[in-house]
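Residue-level structure breakdown
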Amino acid sequence: MDRIEAMKVFVAALDEGSLAGAGRKLGRSPAAISRALAFLEDHVGAELLHRTTRTLRLSEAGERYAEACRRVLAELEEADLVVQGEKSAPRGTLTLTAPVAAGEEILRPILDAFLDAVPTISVKLYFLDRPINLIEEGIDVALRIGHLPESSLVAVKVGEVRRVVTACPEYLASHPPITAPADLMHHEIISMTHFGNDSWSFPPLKGSSIPQVVQFKPRLTVNSVRAAVASAAAGHGVTRLFSYHVASQIRDGTLEVILKNAEHGPLPVHLLTPYGRLSVPKVRTFFDFAVPRLRTYFTTVAVDAGEIMSAQAGTGHMSP
């Protein structure tokens, strides 16, 4: 049996969650699927999957082998498509990941338009608030917020966002003024998991190098952006989020940005892809479509949130 074909069966079984699902996806019989997995296990000399009638679970050796299989199959696909080059129409399945809120609010509408514009491409979009290895997990493109570590990934800057402190006008009118970060200790705080559950950090005061850290006991702690925004808009306290999370509420006056003079500098937003993937037509087509739309979005958010930013999100680059 061909080892590459057996790898495809192995990965399909993992993606579909069952041998039957892999058979349906690949158009093969259950016996053929079982033979392929047995061939791989015999080849590596170890059990790759713990199989029951209902579930599949990777063994320790299987976890390492699955990463290698995904990498090998992705590189083979890339090699085929690169050879075809620009003569090949964009096609196949494009796999993307983004943080939950950014994926739902920003990337998903752009993907809707992309699917209408390019009917030969299908998309898998994973909402993940954890860092992942794009190559090992078979991801073509990732949307990332924050400063990037050094890596071989290609990064194209599409915008910037700020961490803003907000509350609704009714809450601000009925509570003590907030003119400095320390004033927050006397207020109701709605904390978000990713922004600090019991403290917020602000830039140092002029002449100091020590950040201002405000400790608090939150009145409400949530791990949902929508919940934090809704509670703040309903007058239940002060919250801290990214500017794009509250852009529409700021635009319609439901929320106000406070402590503008005590904000950290903006964080960059990038589209990432593994080195060499921009040569693949489906990836290049998505970048060409999404990058200008993302830059327009983040420029608009900057204006709505009252941020002091360049009208241009940055030109970025398409080489590491």
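Everything below is about the structure shown above.
Throughout, a residue's number is its position along its own chain's written sequence, starting from 1. Reporting of local features is limited, given that this is a predicted model, to residues whose pLDDT is at least 70; pairs of side-chain atoms are given and counted only at 80 or more, and all residues count toward the totals for whole chains, interfaces and linings. For side-chain calculations, the full set of non-hydrogen atoms in the structure is used, while hydrogens and water are omitted.

1. Concerning helix 7 (residues 225–233)
Three or four residues apart is the spacing at which side chains of an α-helix point the same way, because the helix has 3.6 residues per turn. When a residue's accessible area, from a 1.4 Å probe over protein chains only, is under 20% of the maximum for its type it is buried; when over 50% it is exposed; and in between it is partly exposed. In DSSP terms, a helix is any run of H or I states spanning at least four residues, a strand is any run of E spanning at least two, and both are numbered starting from the N terminus. Along helix 7, the positions that sit buried rather than exposed are Val225, Ala228, Val229, Ser231 and Ala232. Projected down its long axis, helix 7 carries its buried residues within an arc of 165 degrees, all on one side. We call two residues in contact when some of their heavy atoms are within 4.5 Å. Here the buried face of helix 7 lies against helix 5 (100–117), strand 8 (189–192), strand 11 (220–222), strand 12 (238–242) and helix 8 (247–251). One side-chain oxygen at the N-terminal end of helix 7 lies 3.4 Å from the backbone nitrogen of arginine 226; it belongs to serine 224. Phi turns positive one or two residues past the end of helix 7, at glycine 235, with a value near 90 degrees. By definition, the arc is the one covered by directions from the helix axis to the C-beta atoms. Here a polar contact is taken to be a pair of N or O atoms separated by no more than 3.5 Å, where protein atoms must pair a possible hydrogen donor with a possible acceptor and residues adjacent in sequence count only if both atoms sit in side chains.

2. Topic: the nonpolar core
Formed by 65 residues in total, the largest nonpolar core has its most connected members in Leu184, Val238, Leu271 and Phe286. Of the residues forming this core, the biggest block, nine residues, is contributed by helix 9 (residues 281–304). Those residues in contact with leucine 271 that lie beyond four places of it in its chain are Val141, Ala142, Leu143, Val154, Ala155, Val156, Val158, Phe286, Phe287, Ala290, Val291 and Leu294. Ranked by size, the runner-up nonpolar core spans 18 residues in total, among them Ala6, Leu37, Leu40 and Tyr65. The term nonpolar core refers to a set of buried residues drawn from Ala, Val, Leu, Ile, Met, Phe, Trp, Tyr and Cys, joined through side-chain atoms within 4.5 Å.

3. Some remarks on the packing of helix 1 (residues 3–16) against helix 2 (residues 19–26)
An axis is simply a line fitted to the C-alpha atoms; with a helix, the fit covers only the stretch in contact. Between two such axes, the angle follows the N-to-C directions and lies from 0 to 180 degrees. The contact between helix 1 and helix 2 brings their axes to 8 Å, and the two run at 115 degrees. Every pair of crossing elements has a handedness; the one defined by helix 1 and helix 2 is right-handed. Residue-level contacts link Lys8, Val9, Ala12, Ala13, Asp15 and Glu16 of helix 1 to Leu19, Gly21, Ala22, Lys25 and Leu26 of helix 2. Only Asp, Glu, Lys and Arg are considered charged in this grouping, and only Ala, Val, Leu, Ile, Met, Phe, Trp, Tyr, Cys and Pro are considered nonpolar; every other residue, Gly among them, is considered polar. The class makeup of the residues in the contact of helix 1 with helix 2 is six nonpolar, one polar and four charged. Put simply, a crossing is left-handed when the front helix is turned counterclockwise from the back one by less than a right angle, and right-handed when it is turned clockwise.

4. Some points on the sheet that holds strand 8
Here five strands make up an open sheet; going across it, the order is 11-8-12-7-13 and the pairing mixed. The outermost strands of the open sheet, each flanked by one partner alone, are strand 11 and strand 13 (256–258). Strand-to-strand twist of the sheet, defined as the mean angle between neighbouring strand axes without regard to direction, takes the value 35 degrees. Whether two strands pair comes down to DSSP finding at least two bridges between them.

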